[in-house]
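Below, each chain spelled out in residue letters.
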Amino acid sequence: MNRNLMLAAAALITATSATAEEAKAGAPDIEAGKTKATTICVACHGVTGKAIMPIYPNIGGQNEAYLISSLKAYKAGERKGGQAAAMEPMAKMLSEQDIINLAAYYSSQK
């Protein structure tokens with residue numbers, strides 16, 4: 001099998017797996033995301049995603065898929081550098097649904 005075809009097949013399998021996993025978790029709930037944000041994220045990122053200090057990123061209005069990907073990477077210990085040491089334990093406390101809800105909430109902020 002040629003290399004490009006193998007890469008395309010691997011990407012399709014990965015995309016299908018992520019979609020099935022997210023479907024099991026349920027639809028995004030922005031209000032639940034806001035509630036979770038006020039208990040976990042607010043100390044660094046603020047309620048609306050505007051960071052309270054320059055060392056923390058502003059995540060309000062950030063792309064939803066990016067937020068999901070980032071939180072999953074922190075949770076799995078795959079993301080290093082920056083504030084990873086602080087983010088990893090926070091992300092490990094989140095369920096799959098929490099991640100989806102937080103991403104929906106913060107991405108909805110402008």
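Residues numbered from 1 in each chain as written. Predicted model: local features only at pLDDT ≥ 70, side-chain atom pairs only at ≥ 80, totals over all residues. Heavy atoms only, no water.

### So, the state of the cysteines
Link 1 in the chain: As enumerated under the stated definition, the model contains zero disulfides in all.
Link 2 in the chain: Considering cysteine sulfurs only, C44 is the nearest to C41, which forms no disulfide, with 8.8 Å between them. (Disulfide = S-S within 2.5 Å.)

### Topic: helix α5 (residues 84–92)
Link 1 in the chain: Along α5, the residues classified as buried are A84, M87 and A91. Considered in projection along α5, the buried side chains sweep an arc of 65° and stay on one side of the axis.
Link 2 in the chain: Elements that come into contact with the buried residues of α5 comprise α3 (42–45) and α4 (64–76). (Buried < 20%, exposed > 50% of the residue type's maximum accessible area, 1.4 Å probe, protein only. Helix = DSSP H or I, 4+ residues; strand = E, 2+ residues; numbered from the N terminus. Arc of directions from axis to C-beta. Contact = heavy atoms within 4.5 Å.)

### Observations regarding the side chain of N101
Link 1 in the chain: Residue placement: N101 occurs in helix α6 (residues 96–107).
Link 2 in the chain: Taking relative accessible area as the criterion, N101 reaches 6% and is therefore assigned buried.
Link 3 in the chain: Of the polar contacts made by the side chain of N101, one reaches the side chain of Q97; its length is 2.9 Å. (Polar contact = N/O pair within 3.5 Å; in protein donor to acceptor, adjacent residues only side chain to side chain.)

### Overview of the packing of α4 against α5
Link 1 in the chain: For the pair α4 and α5, interaxial distance at closest approach is 7 Å and the crossing angle is 95°. One element, α4, and the other, α5, form an angle in the roughly perpendicular class. In contact with L71, Y74 and K75 of α4, α5 contributes A84, M87, E88, A91 and K92. (Axes fitted to C-alpha atoms, helices over the stretch in contact; angles between N-to-C directions. Parallel < 35°, antiparallel > 145°, perpendicular 65-115°, else oblique.)

### Describing the nonpolar core
Link 1 in the chain: Within the largest apolar cluster, 19 residues are counted, with the highest numbers of intra-cluster contacts made by A37, C41, L71, L94, L102 and Y106.
Link 2 in the chain: When residues of this core are traced back to their parent elements, those giving at least two are α2 (30–40), α4, α5 and α6.
Link 3 in the chain: Broken down by element, this core gets its largest block of residues, six residues, from α6. (Core = buried A, V, L, I, M, F, W, Y, C linked by side-chain atoms within 4.5 Å.)

### Here's the deal with the layout of surface pockets
Link 1 in the chain: As a volume, the largest pocket reaches approximately 530 Å³.
Link 2 in the chain: Taken together, 27 residues form the lining of the largest pocket, with H45, P57, I59, Y74 and M87 sitting closest to its centre.
Link 3 in the chain: For the lining of the largest pocket, the elements supplying multiple residues, two or more each, are α3, α4, α5 and α6.
Link 4 in the chain: When grouped by side-chain class, the residues that make up the lining of the largest pocket number 20 nonpolar, six polar and one charged. (1 Å grid on protein atoms, 1.4 Å probe; cavity = no way out; pocket = protein on both sides within 12 Å on 5 of 7 lines; lining within 4 Å. Points joined across faces, edges and corners; volume = space filled by probe spheres on them. Nonpolar A, V, L, I, M, F, W, Y, C, P; charged D, E, K, R; others polar.)

### Focus: the side chain of H45
Link 1 in the chain: Mapped onto the elements, H45 comes out in helix α3.
Link 2 in the chain: Excluding its chain neighbours within four sequence positions, the residues that come into contact with H45 are K50, A51, P57, I59, M87 and Y106.

### What to know about the pattern of salt bridges
Link 1 in the chain: Overall, the coordinates contain three salt bridges when judged by the stated rule.
Link 2 in the chain: Between E96 and K72 there is a salt bridge, with the nearest N and O atoms lying 3.0 Å from each other. Of this pair, E96 sits in helix α6 while K72 sits in helix α4, and the two are 24 residues apart along the sequence. (Salt bridge = Lys/Arg side-chain N within 4 Å of Asp/Glu carboxyl O.)

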